[in-house]
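Observations on the model geometry
Letter by letter, the chains look like this.
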Amino acid sequence: MEGLILRLADLDEGALGAVRIIAFFDGFVEHQASLETVLSATAQFAGCEVGLAGGSAPPLAVRPGGGVPFAGDPPDGAVRARAGDDRWVWLARPGPPLPQDRMLLDRLGYAVRALSPRPRLDHPGTGDPALLELVLGAGADDAGRARALRLLGIEPTCPVTVYAVRSPDPDPEAEADLEADPEADLEAGAEFLANLHPWVRAVRIGDLRAVVGREAPADEPTLPAGVRVGRSAPVPASAAQRAWRGARTALRFTGSGLPSGLATLAGGSALVTEESLGVWRDLAEQMPPEQMPPERLAASPDVAALRRLGAEPQGPQTLTMLVAVGATASLRQAAAVLCVHHSTLIARLAKAERVLGFPVDTPQGRTRLTAALIIRRLCSDLDAPNAGCR
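Residues numbered from 1 in each chain as written. Predicted model: local features only at pLDDT ≥ 70, side-chain atom pairs only at ≥ 80, totals over all residues. Heavy atoms only, no water.

Along its length, the chain carries 16 helices and eleven strands. Here the chain, with 390 residues, has 46% of them falling under the buried criterion. Counting contacts in the chain only where the partners sit at least 6 residues apart, residues at least 24 apart contribute 60% of the total. Carbon and sulfur atoms form 54% of the exposed surface of the chain, whose accessible area is close to 19,300 Å². (Helix = DSSP H or I, 4+ residues; strand = E, 2+ residues; numbered from the N terminus. Buried < 20%, exposed > 50% of the residue type's maximum accessible area, 1.4 Å probe, protein only. Contact = heavy atoms within 4.5 Å. Areas by Shrake-Rupley, 256 points an atom, 1.4 Å probe, with all protein chains shown as cover.)

As structure tokens, then:
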């Protein structure tokens with residue numbers, strides 16, 4: 001190759017540039033470089049922004065001079081070249097194009113095709129469940145997790161959001177269908193995200209469905225009845241294992257019994273985001289389900305008082321009232337939320353306070369009530385026989 005370059009240099013400067021471009025990309029293919037490395041080196045080589053778009057993976061872009069790829073669509077006026085059936089590479093030069101730009105794009109497209117992982121499954125919405133479990137589990141090292149991501153068609157730097165999904169328990173006939181066709185369960189768990197993400201990967205882990213999608217959309221999805229979802233903060237795909245833990249923590253705050261209006265912890269919310277939890281996330285992570293037996297929580301006087309109130313004939317209504325009081329700025333606002341008269345609320349609250357043992361309608365009392373309600377929620381099966389935290 002060096003001899004050919006020397007001979008071409010004597011004949012044609014354009015031919016020399018073409019051979020250099022060919023050798024540049026052939027080196028990446030020969031050494032099986034990652035797509036991130038190729039894109040970064042190409043941006044540095046070309047001196048302008050380049051990127052990769054289309055297909056099932058998020059669009060990537062690299063600024064002039066190289067660096068780490070980021071999620072970005074091609075700007076207007078970018079020159080494109082095919083990199084497969086449904087993918088293309090692009091180059092955005094601020095000034096007039098250079099003579100070698102077209103060849104550079106063509107060879108970048110060739111390198112992308114040669115280095116892209118081959119799909120392992122025909123179903124684009126689920127990927128390989130074993131690979132996704134490896135990505136989300138704690139047992140893999142960074143190199144193994146990166147390999148699994150690429151086999152799933154996800155670059156480690158791609159921004160993703162992880163969801164922990166809990167669906168209603170299926171009836172026996174539906175359960176039999178799921179045992180016969182586990183992929184149907186995965187599709188059901190990820191269906192509500194289908195219109196929000198260009199792609200998702202999903203797998204069932206225990207009694208939950210883990211769903212990995214692109215960055216979270218601005219609008220909250222409308223969930224099917226009975227489905228509860230915890231959503232992680234957006235992270236690079238290489239940090240999906242940490243995001244899966246955050247999504248499961250957020251899932252513990254879904255459902256009824258939460259003080260709505262505190263940050264975005266809406267009472268009865270079917271979807272709770274990790275970002276909305278604040279300090280409550282830290283509290284929950286110090287109380288993992290396997291380490292919080294019901295007996296330990298029952299020793300808390302405030303949680304025990306809530307349990308006694310919940311066991312009374314009007315228990316559900318009393319707990320709903322306490323949630324409203326904890327989530328609003330005044331008793332009048334709480335009464336309006338509950339659609340009851342102000343005096344009626346005061347009378348009911350006085351009875352509850354005698355069981356709780358502290359006044360609720362004070363800043364300190366609201367904080368104490370909020371903490372008790374959330375701790376009770378973190379062990380929502382506390383009153384079920386032989387129940388533990390989940």
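So much for the structure itself; the text now carries on.
Evaluated as defined, the whole model comprises nine salt bridges. The salt bridge partner of Asp 142 is Arg 145, with a shortest N-O separation of 3.9 Å. With a gap of three residues between them, Asp 142 and Arg 145 both fall in helix α6 (residues 142-151), about one helical turn apart. You can call Arg 145 buried: its relative accessible area is 7%. Glu 155 is the salt-bridge partner of Arg 150, the closest N and O atoms lying 3.5 Å from each other. Here the residues in one salt-bridge network are Glu 36, Arg 150 and Glu 155, joined through shared partners. (Salt bridge = Lys/Arg side-chain N within 4 Å of Asp/Glu carboxyl O.)

The next thing to look at is the confidence of the model for the chain. The pLDDT averaged across the chain works out to 75; a share of 71% of its residues lies at or above 70. With pLDDT under 50 throughout, residues 257-268 is counted as low confidence; its partners more than four residues away or in other chains account for 35 contacts. (pLDDT = per-residue confidence, 0-100.)

A few words on the sheet that holds strand β2 (residues 60-62). With respect to topology, five strands assemble into an open sheet ordered β3-β2-β1-β5-β4, the strand pairing being antiparallel. Two strands lie at the open edges of the sheet, namely β3 (70-71) and β4 (79-82), each paired on one side alone. Strand direction decides the pairing type here: strand β1 (residues 49-54) and β2, joined by three bridges, are antiparallel. Across the sheet, residue Val 50 finds its bridge partner in β2, namely Val 62. Docked against the sheet, helix α3 (residues 35-46) engages β1, β2 and β5 (87-92), running at close to 145° with respect to β1. (Pairing = 2+ DSSP bridges. Axes fitted to C-alpha atoms, helices over the stretch in contact; angles between N-to-C directions.)

Okay, helix α9 (residues 240-251) next. Three- or four-residue spacings in an α-helix give side chains the same orientation, since the helix completes a turn every 3.6 residues. The end-to-end C-alpha distance of α9, which contains twelve residues, comes to 16 Å, matching closely the 16 Å that a straight helix rising 1.5 Å per residue would cover. Along α9, the residues that are buried comprise Ala 240, Ala 243, Trp 244, Gly 246, Ala 247, Thr 249, Ala 250 and Leu 251. (Expected span 1.5 Å × (residues − 1).)

Attention now moves to the packing of helix α12 (residues 301-311) against helix α15 (residues 342-356). At a minimum axis distance of 9 Å, the contact between α12 and α15 shows a crossing angle of 135°. Between α12 and α15, the angle falls in the class oblique. Regarding α12 and α15, the two cross each other, and that crossing is right-handed. The residues of α15 that touch α12, namely those facing Asp 302, Ala 305, Leu 306, Arg 308 and Leu 309, are Ala 352, Val 355 and Leu 356. Across the contact of α12 with α15, the residue classes tally to six nonpolar, no polar and two charged. (Parallel < 35°, antiparallel > 145°, perpendicular 65-115°, else oblique. Left-handed = near helix turned anticlockwise from the far one by under 90°. Nonpolar A, V, L, I, M, F, W, Y, C, P; charged D, E, K, R; others polar.)

Bringing unusual backbone geometry into the picture now. Peptide bonds are trans in most cases, and residues, glycine excluded, mostly fall at negative phi. Here Gln 32, not a glycine, exhibits a phi torsion of approximately 50°, which is positive. Assignment of secondary structure puts Gln 32 in the loop between α2 (13-30) and α3. On the basis of relative accessibility, which here comes to 57%, the residue Gln 32 falls in the exposed class. Backbone geometry at Cys 339 places phi at a positive 60°, although glycine is not the residue there. Inspection of the secondary structure puts Cys 339 in the loop between α14 (331-338) and α15.

One pass over the full model with this rule turns up three aromatic pairs. Between Phe 24 and Phe 28, the aromatic rings sit 5.0 Å apart at their centres with planes inclined by 90°, giving edge-to-face as the arrangement. Here Phe 28 and Phe 24 lie together in helix α2, a separation of four residues that amounts to about one turn. With relative accessibility at 22%, the residue Phe 24 sits in the partly exposed group. Three or more aromatic residues joined by ring pairs make a cluster, and in this case those are Phe 24, Phe 25, Phe 28 and Phe 45. The ring centre of Phe 70 lies 4.1 Å from the NZ or CZ of Arg 63, which sits over that ring. (Phe/Tyr/Trp six-rings, centres within 6.5 Å; stacked < 30°, edge-to-face > 60°. Lys NZ or Arg CZ within 6 Å of the ring centre and 35° of its normal.)

Before going further, it helps to spend a moment on the nonpolar core. Counting residues in hydrophobic clusters, the biggest one holds 50 residues, and the most contacted among them are Phe 25, Val 38, Val 89, Leu 136 and Val 162. Discounting chain neighbours no more than four positions away, the residues touching Phe 25 are Val 38, Thr 42, Leu 104, Arg 107, Leu 108 and Ala 111. By size, the runner-up hydrophobic cluster in this structure holds 21 residues, among which are Ala 335, Leu 356, Phe 358 and Leu 369. (Core = buried A, V, L, I, M, F, W, Y, C linked by side-chain atoms within 4.5 Å.)

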